Amino acid sequence: MTASTSAGLWHGFADMGAVSATGPFVVAKGEGVHIWDTSDNKYLDATAGLWFTNVGHGRTQIADAVARQLSTLAHYSGFGDITSDVTATLGDRLAELAPIPGSKVFFTSGGSDSIDSAVKLARRYWHELGKPDKKIVVGRTKAYHGMHVGGTALSGLPPNRDSYGELMTDAATVEWDDAKSLLGLIERIGADNIAAFFCEPIIGAGGIYLPPQGYLAEVRQICRDNDVLFVADEVVTGFGRIGGSWFASTRFDLQPDMIATAKGLTSGYVPMGALFVAPHIAEPFYSGGVWWRHGYTYGGHAGAAAAAMANLDIIESEGLLEEAARLESDLHVALAPLADLPAVGEVRSGLGAVSAVQLEDPATAPAAIAALRRHGVSGRAAGQGALQISPAFVMTAAQVAELAERISDALT
């Protein structure tokens, strides 16, 4: 497709001047771990779309489930006492998967919705408990929490916040890898003023950074000791990406107060997100007479719920949680030699079906992505020049080796 044929489309996170000059990269179809462009060139999908196609492309089982649901009931408002049967069934199924027994599931349209819902619910929870001053929400440097107002204010990526002014005054940032930084903030401004700490178990869009040994346990205990809610941002890591478990919160025994999810819930086949809420956080709103005046038109969309149900069926029936655990090892072994290339600063891997090939010079990222495409790999850069490697769980060991070889050729 040429630039002139997409003159009306404004791409997200893009230099539209450059896109208009060169034309977009148009993806025409996908199957398994491969995609094809409109010229029928075939590529290994290194990123599973954008962290989300956990079960791979071309799953007609999901498409058929959505088609059946849309032909019966596409969607209906989920406000008040209304729901659809498939949405209610999905809610119960997710509650059984939740790391905290008895959790409630609040449906959204995506990850950014889930994060902003958590921001609002954290503040409202403390208000209901008679502590309205607990309003400040805390994020970390390098962290990405979506692009709504709350998520942008929480972001630890300055370019995502620059030039908007102060979107939300009650937000703070601490160092991503230093638990004492969080404790220091609490001591400076007082726990009575802090509502919640937002934490990605693995920092994703900020550059794929794995948590230092013991860090997650330490910050979780700091939050517990100081009566600060712990919100796990598992938009990327949820539904198997961490390997071996449905959630990173289970693997690291985080026992979060809330979990923000999206992406792998439907493997991206239809937009959907969900906020998991621990029972003690939900209790004030389930006691009667209290409304949480919050919700989304498409929250719990029936067609999306059907996609999620079929997606979960595939993950379970094909043992894809175990396959993600295998990918953790396969990626770690196959990508390690790339660290010896002059163009590469380091390789970050060994935790979940996600890795980063950090370019020595972040400014070369656009050229590196173009080189990857010439070598049959569709990829992207996250953070400061980190090539994101987060394939579908169905990628075989041989395909992982092929992916590493193609990346090596492209960077060489």
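Residues numbered from 1 in each chain as written. Predicted model: local features only at pLDDT ≥ 70, side-chain atom pairs only at ≥ 80, totals over all residues. Heavy atoms only, no water.

Here's the deal with the pattern of salt bridges
Stage number 1. Under the counting rule described, the total for this entry stands at 13 salt bridges.
Stage number 2. Notably, a salt bridge pairs Asp 330 with Arg 326, separated by 2.6 Å at the nearest N-O pair. Of this pair, Asp 330 and Arg 326 both sit in helix α13 (residues 320–335), four residues apart, roughly one helical turn.
Stage number 3. Between Arg 348 and Glu 346 there is a salt bridge whose closest N-O contact spans 2.6 Å.
Stage number 4. Overlapping salt bridges bring together Arg 93, Asp 313 and Glu 316 as one network. (Salt bridge = Lys/Arg side-chain N within 4 Å of Asp/Glu carboxyl O. Helix = DSSP H or I, 4+ residues; strand = E, 2+ residues; numbered from the N terminus.)

A closer look at the pairing of strand β8 (residues 229–233)
Stage number 1. Burial within β8 is extensive, with five of its five residues counted as buried.
Stage number 2. Burial along β8 is two-sided: Leu 229, Val 231 and Asp 233 and Phe 230 and Ala 232, pointing in opposite directions, are all buried.
Stage number 3. Pairing of strand β7 (residues 194–199) with β8, which is carried by four bridges, proceeds in the parallel orientation. Bridged to Ala 196 within β8 is Leu 229.
Stage number 4. Considered for its hand, the β-α-β crossover made up of β7, helix α9 (residues 215–225) and β8 is right-handed. (Buried < 20%, exposed > 50% of the residue type's maximum accessible area, 1.4 Å probe, protein only. Pairing = 2+ DSSP bridges. Right-handed = clockwise from strand over helix to strand, strands pointing away.)

Considering the side chain of Asp 233
Stage number 1. Inspection of the secondary structure assignment puts Asp 233 in strand β8.
Stage number 2. There is a polar contact of 2.7 Å between the side chain of Asp 233 and the side chain of His 145.
Stage number 3. Ignoring any residue separated from it by four or fewer positions in sequence, one finds Asp 233 in contact with Ile 115, Tyr 144, His 145, Cys 199, Glu 200, Pro 201 and Ala 260. (Polar contact = N/O pair within 3.5 Å; in protein donor to acceptor, adjacent residues only side chain to side chain. Contact = heavy atoms within 4.5 Å.)

Digging into helix α12 (residues 302–317)
Helical geometry note: an α-helix holds 3.6 residues per turn, so side chains three or four residues apart project in the same direction.
Stage number 1. A rise of 1.5 Å per residue sets the reference length of α12, with its 16 residues, at 22 Å; its end C-alpha atoms lie 22 Å apart and thus fit the reference within 8%.
Stage number 2. Of all 16 residues in α12, 13 are buried, a share of seventy percent or more.
Stage number 3. Phi for Gly 319, located one or two positions after α12, is positive at around 60°. (Expected span 1.5 Å × (residues − 1).)

Notes on unusual backbone geometry
Stage number 1. Although it is not a glycine, Lys 142 sits at a positive phi angle of roughly 75°.
Stage number 2. Mapped onto the secondary structure, Lys 142 falls in the loop between β5 (136–140) and α6 (149–154).
Stage number 3. Of note, Ser 267 is a non-glycine position whose phi angle comes to about 55°, a positive value.
Stage number 4. The topology assignment puts Ser 267 in the loop between β9 (258–261) and β10 (273–277).

Quick word on the sheet that holds strand β13 (residues 377–378)
Think of a sheet as strands paired side by side through backbone hydrogen bonds, with each pair either parallel or antiparallel.
Stage number 1. Strand order across the open sheet formed by four strands is β1-β2-β3-β13, with mixed pairing between neighbours. Pairing within the sheet leaves two strands with one partner each, and these edge strands are β1 (27–31) and β13.
Stage number 2. Bridge analysis of strand β3 (residues 42–45) against β13 gives two bridges, and the strand direction is parallel. Among the inter-strand pairings, Leu 44 is bridged to a residue of β13, identified as Val 377.
Stage number 3. Seen against the sheet, helix α15 (residues 397–411) touches β2 (34–37), β3 and β13 and runs at an angle of roughly 105° to β3. (Axes fitted to C-alpha atoms, helices over the stretch in contact; angles between N-to-C directions.)

A word on the packing of helix α5 (residues 111–128) against helix α11 (residues 279–286)
Stage number 1. The contact between α5 and α11 brings their axes to 10 Å, and the two run at 65°. Relative to α11, α5 is oriented so that their crossing is left-handed. Contact with α5, carried on its side by Leu 121, Arg 124, Tyr 125 and Glu 128, involves His 280, Ile 281, Pro 284 and Phe 285 of α11 and no other residues of that element.
Stage number 2. Taken together, the residues of the contact of α5 with α11 sort by class into five nonpolar, one polar and two charged. (Left-handed = near helix turned anticlockwise from the far one by under 90°. Nonpolar A, V, L, I, M, F, W, Y, C, P; charged D, E, K, R; others polar.)

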